[in-house]
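# Examining the three-dimensional arrangement
Here's the letter readout for the chains.
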Amino acid sequence: MIRILLAEDQRMMRGALALLLDLETDMEVVAQVPAGDQIIPAALQSRPDVALLDIELPGMSGLDAAAELRDQLPSCKVLIVTTFGRPGYLRRAMEAGASGFLVKDGPVEDLAEAIRRVLAGERVIDPGLAAAALSAGPNPLTQRERDVLTAAVDGATVADIAAKLHLSQATVRNYLSAAIGKTGTRNRMEAVRAARRNGWL
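Every value quoted in this text rests on a predicted model; they were computed, and no experiment measured them. (Residues numbered from 1 in each chain as written. Predicted model: local features only at pLDDT ≥ 70, side-chain atom pairs only at ≥ 80, totals over all residues. Heavy atoms only, no water.)

## Regarding the pattern of salt bridges
Under the definition given, this model contains 10 salt bridges. In this structure, Arg70 engages Asp71 in a salt bridge whose closest nitrogen and oxygen atoms are separated by 3.8 Å. The class for Asp71 is exposed, based on a relative accessible area of 59%. Two residues, Glu122 and Arg117, come together in a salt bridge whose shortest N-O distance is 3.0 Å. On the basis of relative accessible area, Glu122 is assigned to the partly exposed category, the value being 38%. Judged by its relative accessible area of 32%, Arg117 falls in the partly exposed class. What you see here is one network of salt bridges that share partners, running through Glu24, Asp26, Glu113 and Arg116. (Salt bridge = Lys/Arg side-chain N within 4 Å of Asp/Glu carboxyl O. Buried < 20%, exposed > 50% of the residue type's maximum accessible area, 1.4 Å probe, protein only.)

## Focus: the sheet that holds strand β1 (residues 2–7)
Spatially, the 6 strands line up as an open sheet ordered β2-β1-β3-β4-β5-β6, and their pairing is parallel. Looking at strand neighbours, the two that pair on one side only are β2 (27–33) and β6 (124–125), the edges of this open sheet. Relative to β2, β1 is paired through 6 bridges, and the arrangement is parallel. Counterpart to Ile2 in the pairing with β2 is Met27. (Pairing = 2+ DSSP bridges. Helix = DSSP H or I, 4+ residues; strand = E, 2+ residues; numbered from the N terminus.)

## What to know about the packing of helix α7 (residues 143–151) against helix α8 (residues 158–165)
Relative to each other, α7 and α8 sit at 125°, their axes nearing to 9 Å. Taken together, the axes of α7 and α8 lie oblique to each other. For the pair α7 and α8, the sense of crossing is right-handed. Contact residues: Arg144, Asp147, Val148 and Ala151 in α7; Ile161, Lys164 and Leu165 in α8. (Axes fitted to C-alpha atoms, helices over the stretch in contact; angles between N-to-C directions. Parallel < 35°, antiparallel > 145°, perpendicular 65-115°, else oblique. Left-handed = near helix turned anticlockwise from the far one by under 90°. Contact = heavy atoms within 4.5 Å.)

## Here we look at the pairing of strand β5 (residues 100–103)
For strand β4 (residues 77–82) and β5, the ladder comprises 4 bridges, and the chain directions are parallel. Residue Thr82 lies in a different strand from β5, and its bridge partner there is Val103. Examined bridge by bridge, β5 and β6 share 2 bridges and lie parallel to one another. Bridge pairing in β6 links Gly100 to Val124. Where the polypeptide runs from β5 across helix α5 (residues 108–119) and back to β6, its parallel neighbour, the crossover connection is left-handed. (Right-handed = clockwise from strand over helix to strand, strands pointing away.)

## What about the nonpolar core?
Ranked by size, the top nonpolar core spans 29 residues in total, and within it Leu5, Ile39, Leu53, Leu69, Ile80 and Phe101 carry the most contacts. Listing elements by their share of this core, those giving two or more residues are β1, β2, α2 (39–46), β3 (50–53), α3 (62–72), β4 and α4 (87–95). (Core = buried A, V, L, I, M, F, W, Y, C linked by side-chain atoms within 4.5 Å.)

## So, the packing of α7 against helix α9 (residues 169–183)
Look at α7 against α9: their axes get within 9 Å of each other, and the N-to-C directions meet at 100°. One way to sum up the angle between α7 and α9 is to call them roughly perpendicular. Taken together, the residues of α9 that come into contact with α7 (itself represented by Arg144, Glu145, Val148 and Leu149) are Val172, Tyr175, Leu176, Ala178, Ala179 and Lys182. Residue composition of the contact of α7 with α9, grouped by class: 7 nonpolar, no polar and 3 charged. (Nonpolar A, V, L, I, M, F, W, Y, C, P; charged D, E, K, R; others polar.)

## Focus: the pairing of β3
Where burial is concerned, the two faces of β3 agree: the one with Val50 and Leu52 and the one with Ala51 and Leu53 are both buried. Note: β1 against β3, 4 bridges, orientation parallel. The residue of β3 that forms the bridge with Ile4 is Val50. Examined bridge by bridge, β3 and β4 share 4 bridges and lie parallel to one another. Bridged to Val50 within β4 is Lys77. The handedness of the β3 to β4 crossover, carried by α3, is right-handed.

This is the structure:
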């Protein structure tokens, strides 16, 4: 039996996926979690063969959890299953060690087949998203620029961001200016939106 961990914050979606996967004769959902910070403890306890992770989860993103899983339970394959088919997310998922990346609007048969394929050592990537990622190019933002934009998400002032990240206000302004330039936007909120749209944050 293929042992599966399922991380999905929407209860109905999580329950439906678990039911559908349990109908497969060679699969068993051994753990279900609604938050990213519960993935590692649940995985270490249940020892799944494959972890199906959403990206946008409370507590910790599925991408960060994928990287931790790679370090703490390397035998577990990671398959990212998300609503958000953004090229930047695909790149980050691959960098985090994910074996596959699928968008949620596909049929469950495709998901079951993808699970079998990643367990057999293959990489499974949504073809449309793969093409978009290749044409989009790499994330132009540095880690610090991403940190500053992330801190600016809720409309925080330069002083707030500086205090939160332990940087000077001048440094924060420089990072914001660089991020605005690289995203081709006019202000920090437009830069945040553009970076999110591309999956860079």
